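# Examination of the molecular architecture
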Amino acid sequence: MIPILFLATLCLGVVSAAPTHDPSLDAEWHEWKTQHGKTYVMDEEGQKRAVWENNRKMIELHNEDYTKGKHGFHLEMNAFGDLTNTEFRQLMTGFQSMGTTEMNVFQEPRLGDVPKSVDWRKHGYVTPVKDQGSCGACWAFSAVGSLVGQMFWKTGKLVPLSEQNLVDCSWSHGNIGCHGGLMQNAFQYVMDNGGLDTSESYPYESRNTTCRYNPENSAANVTGFVKIPANEYSLMKAVAIVGPISAAIDTKHHSFQFYRGGMYYEPECSSSNLDHAVLVVGYGEESDGRKYWLVKNSWGTYWGMNGYIKMARDRNNNCGIATYAMYPTV
């Protein structure tokens, strides 16, 4: 069983000594604060500046190695630059454990080849990238993403669904709102509830609020959910045949926090200790033969490749991309 990773158990990093700053970075620091709308109380800014400088140095060193061919992806300073990796994970993840609920298992078709590449964005199955904000609701965004895709397959209409509905209303099914959750619990809630509201009628607020589901605004339902066998070949078949798939991954690394582009492969990644939920919307292969998963995140378009990441495929289930993958039936 995957260990439970409640966000509440993560502690903030602390700078014990008075930080010293590089004065040559003053202009860049102020520009970064302006760009991302950062304001601090007087006692806080020194610590945040020190964290930002440490992250900046790490990014610089990684990118130097990238230019030497030591990495297949590069990093970039972003809105998370003033967060330690622990603080970042506390705010931006939220996947719990695999749980023990009985699930149907994906039955792979025996006949027919799967395409060499798939991108469900090109076929209307995927809504624009969203931003979960400082709320550990990745599980809700992942669940909504795969449900939206299945409803499009059923109806031919791409209707954005409400993550906030799941955040507020699925506590009785084992989720804990902005403090974490699980996609299968979300699907079970929709099935038991008899529907899920649209995001237009029940907009996202990046916080826990009172449940206010209205069946008149429901635009989706769930009849069940299916677990993909924990291997990349089965995941590839499911993505090719079914559509976008909910998945969980290990993101506990600076390299993921500041990912900008390229083929993400992290040798320190765990294939079982997972902390973040995403949506696999396709897969492909680069001209040099490197295979990848096309993954939609929920950290806004300022992260990664306009909110997406190419994760290494067929490299021993790197970051656990195939360990916990599933989709709803509608």
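Below is a short write-up of the structure. Note that this is a predicted model, so its numbers are computed, not measured.

### Examining unusual backbone geometry
- The phi torsion at Asn306 lies on the positive side, around 55 degrees, for a residue other than glycine.
- We classify Asn306 as exposed; its relative accessible area is 56%.

### Describing the pattern of salt bridges
- A full pass over the atoms with the stated rule returns 20 salt bridges.
- With its nearest N and O atoms 3.4 Å apart, the salt bridge here joins Lys57 to Glu60. With a gap of 3 residues between them, Lys57 and Glu60 both fall in helix H2 (residues 42-67), about one helical turn apart.
- Given the relative accessible area of 31%, Glu60 is considered partly exposed.
- Between Glu76 and Arg260 there is a salt bridge, and its shortest N-O distance comes to 3.0 Å. On the criterion of sequence distance, the pair formed by Glu76 in the loop between strand S1 (73-75) and helix H3 (85-92) and Arg260 in strand S8 (residues 259-264) is long-range, its members being 184 residues apart.

### Thoughts on the pairing of strand S10 (residues 291-296)
- In terms of burial, S10 is a largely internal element, 5 of the 6 residues being buried.
- A loop of 5 residues connects strand S9 (residues 276-285) with S10, the two strands running antiparallel in sequence, and Gly289 in this loop sits at a positive phi of about 95 degrees.
- Note that S10 and strand S11 (residues 308-312) share 5 bridges and pair antiparallel. When the sheet's bridge partners are listed, Lys296 is paired in S11 with Tyr308.

### Focus on the nonpolar core
- Within the largest apolar cluster, 50 residues are counted, with the highest numbers of intra-cluster contacts made by Val239, Ile245, Trp293, Met311 and Ile321.
- Counting residues in hydrophobic clusters, the runner-up holds 34 residues, among them Phe141, Ala143, Leu161 and Leu182.

### Examining the environment of Gly320
- Examined against the element boundaries, Gly320 turns out to sit in the loop between S11 and strand S12 (325-329).
- The class of Gly320 is buried, set by a relative accessible area of 0%.
- Residues Gly320 and Leu274, 46 residues apart in the sequence, show an inter-C-alpha distance of 7.0 Å.
- The residues touching Gly320, leaving out its near neighbours within four places in the chain, are Ala248, Ser270, Ser271 and Leu274.

### A word on the packing of aromatic side chains
- Under the defined criterion, the tally for this structure stands at 21 aromatic pairs.
- For the ring pair Phe88 and Trp299, a centre distance of 4.9 Å and an interplane angle of 80 degrees mean the geometry is edge-to-face. You can see Phe88 sitting in helix H3 and its partner Trp299 sitting in the loop between S10 and S11, a full 211 residues away along the chain.
- Both rings, one in Phe141 and one in Tyr204, keep their centres 4.9 Å apart while their planes meet at 80 degrees; by these two values the pair is edge-to-face. Of this pair, Phe141 sits in helix H4 (residues 138-155) while Tyr204 sits in the loop between strand S4 (196-197) and strand S5 (218-220), and the two are 63 residues apart along the sequence.
- The class for Tyr204 is partly exposed, based on a relative accessible area of 23%.
- An aromatic cluster of three or more residues is present, and its members are Phe73, Phe80, Phe88, Phe256, Tyr259, Tyr264, Trp299, Tyr302 and Trp303.
- The side chain of Arg313 reaches across the aromatic face of Trp293, ending 5.6 Å from its centre.
- Its end group placed over the ring of Tyr265, Arg315 keeps NZ or CZ at 3.5 Å from the ring centre.

### So, empty space enclosed by the protein
- Applying the stated criterion across every chain, the model contains 1 cavity of 30 Å³ or more.
- In this structure, the largest cavity encloses a volume near 130 Å³.
- Of all the secondary structure elements, the ones that give two or more residues to the lining of the largest cavity are H4 and S9.
- Looking at the lining of the largest cavity, the element that brings in the most residues is H4, giving 5 residues.

Here is what the cut-offs are and how they apply
Residues numbered from 1 in each chain as written. Predicted model: local features only at pLDDT ≥ 70, side-chain atom pairs only at ≥ 80, totals over all residues. Heavy atoms only, no water. Buried < 20%, exposed > 50% of the residue type's maximum accessible area, 1.4 Å probe, protein only. Salt bridge = Lys/Arg side-chain N within 4 Å of Asp/Glu carboxyl O. Helix = DSSP H or I, 4+ residues; strand = E, 2+ residues; numbered from the N terminus. Pairing = 2+ DSSP bridges. Core = buried A, V, L, I, M, F, W, Y, C linked by side-chain atoms within 4.5 Å. Contact = heavy atoms within 4.5 Å. Phe/Tyr/Trp six-rings, centres within 6.5 Å; stacked < 30°, edge-to-face > 60°. Lys NZ or Arg CZ within 6 Å of the ring centre and 35° of its normal. 1 Å grid on protein atoms, 1.4 Å probe; cavity = no way out; pocket = protein on both sides within 12 Å on 5 of 7 lines; lining within 4 Å. Points joined across faces, edges and corners; volume = space filled by probe spheres on them.

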